[in-house]
Amino acid sequence: MMTVYAQYSFGGYKIFRLAENAVEEVTGLNRLGLPQSGIQLFSHYGIKFICTSDIDGNYILFVNDMPCKEKDDMGRSKTCSMLITSKDKADVPLMRRIAVMIAFELDVFESFFSSLFSIKETLAFNSTDFKAFFDSVCIDASMLSDRLRSTIAIKSNPIIIYTTSDAKTALEPLYNRFEKKNLRKGFLLKWDENTRNIKDNSIERIGFMPLIKKIINKIVTIWKN
Amino acid sequence: MLGGRRVGKSTILAGVMETLGNSAALSSHFICEDSTDYKAYSNFSIKKKYRALTSMLDTQKPGTIFMTRGMGDSKIQKYNISIRLSDKPGRLMVDFYDVPGEFTNPQKVEFQSEMLPLISDCDVFIVGIDTPYLMECAESVNNAHNRITDLEVSLQNIIVKGKTDLKMVMLVPLKCEKWLECGDIDKVIEKVKERYGVLLKTLSAYPSMMVSILPIATVGGIRYKQMYPAMIVKRDGIYTGYSCTPEVGSEVVVGDGGRYKIQSPYSVGYDPEAKVDGVTIPNSWYELIPGVGYAPKNCEQTALHILRFLIVKTMLKQQENEKASDGFFGYIRGAMNIFLNWWNGIDYDAFKNLVAELQKEGKIKDSGDGIELYHICNEWKEVEL
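Because the structure is predicted, anything quoted here is derived from the model rather than measured. (Residues numbered from 1 in each chain as written. Chains lettered and ligands numbered in written order. Predicted model: local features only at pLDDT ≥ 70, side-chain atom pairs only at ≥ 80, totals over all residues.)

### Topic: the nonpolar core
Grouped together as the largest cluster of nonpolar side chains are 82 residues, with contacts concentrated most on Leu13, Val127, Val169, Leu171 and Val172 of chain B. It is helix H12 (residues 299–323) of chain B that contributes the most residues to this core, 10 residues altogether. Two domains each donate at least three residues to this core, and these are domain 1 (9–222 + 291–315 + 349–382) and domain 2 (224–288) of chain B. Residue contacts for Leu171 of chain B: discarding those within four places in its chain leaves Val127, Ile129, Val192, Tyr196 and Ile213 of chain B. Ile47, Tyr59, Ile160 and Leu189 of chain A belong to the second-largest nonpolar core, a separate cluster that totals 47 residues. (Core = buried A, V, L, I, M, F, W, Y, C linked by C-beta atoms within 7 Å. Buried ≥ 20, exposed ≤ 12 C-beta atoms within 10 Å, placed from the backbone. Helix = DSSP H or I, 4+ residues; strand = E, 2+ residues; numbered from the N terminus. Domains from an automatic or database assignment. Contact = placed C-beta atoms within 7 Å.)

Pasting the structure below:
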């Protein structure tokens, strides 16, 4: 069974489990099934989107730092983040489809998801609209007509969109909760905050060459000094 | 950097960078650079935060009251700051972790998995204190807003790995303009000692621990005016993001200082978000101090105290290494240190000489303006600067 969590600011940023007609706060004493990898993802910047499995066998779909309409005096938006998780392998194909759909239209999903929250006397979440989105992914076959999307949806490699200047900086902190080898095999895409879209040709390689280049650069700097 | 939500933790660092870079007395010695990867944080740099704060000096009018409603961060931010001597190559890299106020709460899921490892890794802990709440609010409100009980629990997890593994905790009362202006800063320090008494006592009992109190004024020309219950403007019953004062007649003052008449579809209600652990927190409102403008006070002291601490810690480590440098492994360790210093291009002796000089000239303050070295550990006394 899939469980949905969100991080949202209501008297400070908190993590909530979103169920039908109920928004429950996750606490240290009552984790409400939130996996350890989820806490890590909710607590750091660097990863914009990730769809993969963690070392504890949870399948994870996470979208980070989505701007909401409300802004502060500095022009900075309130943000929210979303995590869908499941231990059931049967959920993986659907989660993968949802992931592809979100990843390729991240900005559209951001405004949709953030609009589902409202504050009246307490925090409310529009679970009806969210469920309708899920259902639409189940029946919408058109997304698979796109070759790139269908390939990514069928394959099992992680899909990762990062915001940092290089992928390594974003991935390194994840290695204690996600298998390093697996993450490195992923589709790595770079997020451009200015255009609020995935950068073209942003698939980056991590390996020996960048490391050697880095060492050469360092030696050149020292030599110049 | 620890402390409650929206107490101004990020502005401590912004103030440090601004004053180190611009103060005539210090900018000739230091070059302070920010190499943080802001692409990770939606490009919202520390300079932008500071500019937004100081811009109020230009946008606000004397005689009006205003408040800021910063969103606060939802995640841990890591700032990479380097301090370089202006006449030497090599940078001293310092990583600052700005932690959301909520994460300090041991009841939160983030505390166990994210905060504890961070606390055991860090050398310096800067605790931001929202002074208006410390001085003007009931104990329960101040305790909740400044997260005092949470800090008492959190900071018990500092791990001192050995005699030379010095740690430093700095309590930094912020927004102190009002009390500095009227010569009442000693009252702030008294209150810090009273309200943070348990924390101060616990920390002082630690081996190899330095504890200091360092009040600062980050802007200078803005002072605390008054607390008001946290109200917010509603439209058709839904809360907008606009904070305001309680209604007088049908008129309110909103955060930017503007006065508005409330009429349908708008109304005013208590801000349901203005709660910390079940305690209702009021909003602090501010005003301009006429004729002062941008005049930060003692912001650079935070950086100078950290720099001095890091130099003393390095010297202690070096002394320990020298003592243990007999034998093959000692030789290897010594060689590694020399190589690492060369690789990083850091001339520790030059840093040490400069810190000693600044201390002699009284530019590193250990007293005055409320600054106090509350607890000095024995190891610190062994080092001569």
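This is not the end of the story, as more comes after the structure.
### Looking at the environment of Arg97 of chain A
All names here are of chain A. Of note, Arg97 is situated in helix H2 (residues 92–104). Arg97 sits 55 residues away from Ile152 along the chain, and the two C-alpha atoms are 8.9 Å apart. Not counting residues within four places of it along the chain, the set of residues in contact with Arg97 comprises Val137 and Ala153.

### Details of unusual backbone geometry
Along the chain, Ser264 of chain B connects to Pro265 of chain B via a cis peptide bond; the corresponding omega equals 10 degrees. Counting through the fold element by element, Pro265 of chain B comes out in the loop between strand S11 (259–261) and strand S12 (266–270). Unusually for a residue other than glycine, Arg196 of chain A sits at a positive phi of about 50 degrees. Relative to the helices and strands, Arg196 of chain A is located in the loop between strand S10 (187–192) and strand S11 (197–198). By the C-beta count within 10 Å, which is 11 here, Arg196 of chain A ends up exposed. Phi angles above zero are rare outside glycine, and Asp369 of chain B is one such case at about 55 degrees. Take Asp369 of chain B: there are 18 C-beta atoms within 10 Å of it, and that puts it in the partly exposed class.

### Looking at the packing of H2 of chain A against helix H5 (residues 147–154) of chain A
Angle between the axes and distance between the axes are the two parameters that describe a pair of packed helices. Residue and element names in this part refer to chain A. The N-to-C vectors of H2 and H5 enclose an angle of 140 degrees; their axes lie 9 Å apart at closest approach. It follows from the interaxial angle that H2 and H5 lie oblique. Here the hand of the crossing between H2 and H5 comes out right-handed. Of the residues in H5, those in contact with Arg96, Arg97, Val100 and Phe104 of H2 are Arg149, Ile152 and Ala153. When its residues are assigned to classes, the contact of H2 with H5 shows 4 nonpolar, no polar and 3 charged. (Axes fitted to C-alpha atoms, helices over the stretch in contact; angles between N-to-C directions. Parallel < 35°, antiparallel > 145°, perpendicular 65-115°, else oblique. Left-handed = near helix turned anticlockwise from the far one by under 90°. Nonpolar A, V, L, I, M, F, W, Y, C, P; charged D, E, K, R; others polar.)

### Re the confidence of the model for chain A
Note: predicted coordinates in regions of low pLDDT should not be interpreted at a detailed level. Residue and element names in this part refer to chain A. When pLDDT is averaged along chain A, the result is 86; 90% of the residues meet or exceed 70. At the level of individual helices and strands, chain A shows its lowest average pLDDT in helix H8 (residues 208–224), which scores 70, and its highest in helix H1 (residues 36–43), which scores 97. Low pLDDT (under 50) marks residues 202–206, which in the prediction has 11 contacts with non-local residues, meaning those over four places away or in another chain. (pLDDT = per-residue confidence, 0-100.)

### Points about the domain arrangement of chain B
Taken domain by domain, chain B consists of domain 1 (9–222 + 291–315 + 349–382), domain 2 (224–288) and domain 3 (318–345). Placing the centre of domain 2 of chain B and that of domain 3 of chain B at their C-alpha centroids yields a distance of 60 Å.

### Concerning the sheet that holds S12 of chain B
Residue and element names in this part refer to chain B. What the 3 strands build is an open sheet, ordered S9-S8-S12; its pairing is antiparallel. Only two strands of the sheet have a single partner each, and these edge strands are strand S9 (238–244) and S12. On average, each strand axis in the sheet is tilted by 40 degrees relative to the strand beside it, whichever way the strands run. (Pairing = 2+ DSSP bridges.)

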